Amino acid sequence: MAMTTEEFDAAGRPANEAPAAAHHSPDGRPGSGARSGLPAGRWAIGVAGLAVGAGLVGAAWWGFSGGGSESGGAGLGRSAGDLSLPASLGKYVPFKDAAQRNGGNASQAIQRTTKTEEQTTKLLSTAYGGAPAAVRTLAEPGLETFFMVNAVRARTPEPFTPYEDVTTLGLVRPMREVVRVGGATCLVANQPTPTGQQPRPDAVSVDYCQRTADGLTVQIRGISGGLRNSPQQVAELLDEAWSALS
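Fair warning: this is a prediction, and the values are worked out from it, not measured in the lab.

Reading the values: the criteria
Residues numbered from 1 in each chain as written. Predicted model: local features only at pLDDT ≥ 70, side-chain atom pairs only at ≥ 80, totals over all residues. Heavy atoms only, no water. Helix = DSSP H or I, 4+ residues; strand = E, 2+ residues; numbered from the N terminus. Buried < 20%, exposed > 50% of the residue type's maximum accessible area, 1.4 Å probe, protein only. Contact = heavy atoms within 4.5 Å. Salt bridge = Lys/Arg side-chain N within 4 Å of Asp/Glu carboxyl O. pLDDT = per-residue confidence, 0-100. Pairing = 2+ DSSP bridges. Expected span 1.5 Å × (residues − 1). Phe/Tyr/Trp six-rings, centres within 6.5 Å; stacked < 30°, edge-to-face > 60°. Lys NZ or Arg CZ within 6 Å of the ring centre and 35° of its normal. Core = buried A, V, L, I, M, F, W, Y, C linked by side-chain atoms within 4.5 Å.

Trainee: Which parts of the structure should I look at to understand the overall build of the chain?
Mentor: When you go through the chain residue by residue, the secondary structure sums to five helices and nine strands. Seen in sequence order, the chain has helices and strands lined up from the N terminus as β-α-β-β-α-α-β-β-α-β-β-β-β-α. Among the 246 residues that make up the chain, the fraction classed as buried is 46%. Counted over contacts in the chain with a minimum sequence separation of 6, partners at least 24 positions apart contribute 64%.

Trainee: Any chance you could explain the environment of Gln111 here in plain terms?
Mentor: Considering the arrangement of structural elements, one finds Gln111 in helix H3 (residues 107-127). Gln111 sits in the partly exposed class, given a relative accessible area of 39%. For the pair formed by Gln111 and Lys96, sequence separation is 15 residues and the distance between their alpha carbons is 9.1 Å.

Trainee: How should the pattern of salt bridges be read in this particular structure?
Mentor: Side-chain pairs of opposite charge can arise where the charged atoms are in close proximity. Per the counting criterion, the structure on display carries five salt bridges. Here Asp207 and Arg176 are joined by a salt bridge, their closest N and O atoms 3.3 Å apart. With Asp207 in strand S8 (residues 204-213) and Arg176 in strand S6 (residues 176-181), this pair connects stretches of sequence that are 31 residues apart. Accessibility expressed as a relative area gives 28% for Asp207, which makes it partly exposed. The class of Arg176 is partly exposed, set by a relative accessible area of 33%. The partner of Arg211 in a salt bridge is Asp239, and the shortest N-O contact between them spans 3.0 Å. Here Arg211, found in strand S8, pairs with Asp239, found in helix H5 (residues 231-245); they are 28 residues apart in sequence, far enough to count as distant.

Trainee: Would you take a moment to explain the confidence of the model for the chain for this structure?
Mentor: As a note on interpretation, predicted positions should not be read in detail where pLDDT is low. A residue-level look at the chain finds 69% of positions with pLDDT of 70 or above and a mean pLDDT of 77. Below a pLDDT of 50 lies the segment residues 1-75, which in the model reaches 128 contacts outside its immediate sequence neighbourhood of four places, other chains included.

Trainee: Would you mind going over the pairing of strand S9 (residues 216-221) with me for this structure?
Mentor: A regular strand carries its side chains on alternate faces of the sheet. Counting buried residues along S9, five of its six residues qualify, which places the element largely inside the surrounding structure. Bridge analysis of strand S5 (residues 146-152) against S9 gives five bridges, and the strand direction is antiparallel. In the sheet register, Val149 faces S9, and the bridge partner there is Ile220. In this structure, S8 lies alongside S9, joined through five bridges in antiparallel fashion. The residue bridging Gln210 from the neighbouring strand is Gln219, located in S9.

Trainee: What is the right way to look at H5 in this model?
Mentor: Each α-helix winds once per 3.6 residues, and so residues spaced three or four apart point in a common direction. Taking 1.5 Å as the rise per residue, H5 with 15 residues should run 21 Å; its terminal C-alpha atoms sit 21 Å apart, in good agreement. Those residues of H5 that fall on the buried side of the exposure criterion are Pro231, Gln232, Val234, Ala235, Leu237, Leu238, Ala241, Trp242 and Leu245. Packed against the buried residues of H5 are S5, S6, strand S7 (184-190), S8 and S9.

Trainee: How should unusual backbone geometry be read in this particular structure?
Mentor: Across residues other than glycine, the phi torsion is negative in most instances, and most of the peptide bonds are trans. Although it is not a glycine, Leu143 adopts a positive phi angle of roughly 65 degrees. Along the chain, the position of Leu143 falls in the loop between strand S4 (133-139) and S5.

Trainee: Looking at this structure, how should I read the packing of aromatic side chains?
Mentor: Aromatic ring pairs: the centre-centre distance and the angle between the two ring planes describe each pair. Scanning the entire structure with this criterion turns up one aromatic pair. When the ring of Tyr92 is compared with that of Phe147, the centres are 5.1 Å apart and the planes differ by 70 degrees; the resulting orientation is edge-to-face. You can see Tyr92 sitting in the loop between strand S2 (78-80) and strand S3 (93-94) and its partner Phe147 sitting in strand S5, a full 55 residues away along the chain. For the pair shown, Tyr92 and Phe147 are each scored as buried. The ring of Tyr208 has Arg221 lying over it, and the distance from NZ or CZ to the ring centre is 4.0 Å.

Trainee: How should the nonpolar core be read in this particular structure?
Mentor: Among soluble globular proteins, nonpolar side chains are generally buried collectively. One finds Phe147, Val149, Val218 and Ile220 to be the most contacted residues of the largest nonpolar core, which totals 29 residues. When residues of this core are assigned to their parent elements, the largest contribution, seven residues, is made by H5. Excluding residues that lie within four positions of it along the chain, Phe147 makes contacts with Leu89, Tyr92, Arg136, Thr137, Leu138, Ile220, Arg221, Gly222, Ile223, Leu227 and Leu237. Ala99, Ala106, Leu143 and Phe146 belong to the second largest nonpolar core, which has 10 residues in total.

Trainee: Before we go on, may I ask you to explain the pairing of S8 in this structure?
Mentor: Across the 10 residues that make up S8, a large majority, seven, are buried. Direction of pairing for S7 relative to S8: antiparallel, over a ladder of six bridges. Residue Ala189 lies in a different strand from S8, and its bridge partner there is Ser205. Between the end of S8 and the start of S9, which pair antiparallel, lie two residues, with Gly215 showing a positive phi angle near 90 degrees.

As structure tokens, then:
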């Protein structure tokens, strides 16, 4: 299958496409989703935890019903072997730091994120025959956006998705495709856009992006917030992590 190669701008759309009307949520802010009744800090920490492995469960699962210490989860960012990811990428900081800044009882969210990183690191290393691996969860200080960055000392095949006949389907783009942004390769999902229409700025959603070569693979997965709609921005963060490890 031929790989689709596109250049994306900062909004995540091809550079030669005109901007579409911004999408507004019911609260009137572009791109923001429905909020629960929880205070902002607690809601953000709960949602961030869900994105890194908790599943679709309520905030109570994170222990936000009362006070508690911040003793759990020290030292987020797990590694197996001689591989250590950078502590931050761009404006994104370790999840623990962002969670503690947002108040509420962050200890359980931090503990569960720590466990997720530890177990994911083991699984990643095992999948590559025991190769050194590292996993770190990063977030914006306000927890609006977060993601997991993984690295392993091994080469990985490029992403793959089945062929879609967009002409027969009457679509501008396939519903799933592989795109290349600089040195990164990304698997993305596209909201269906009928032929003759312009895709919305948020019509693209990044599943994951990776860079790979002999002896190293770096991936960014579990992406939330507006970052998910911008392959270009994900690729820039991936390049930063790659440069720190290669």
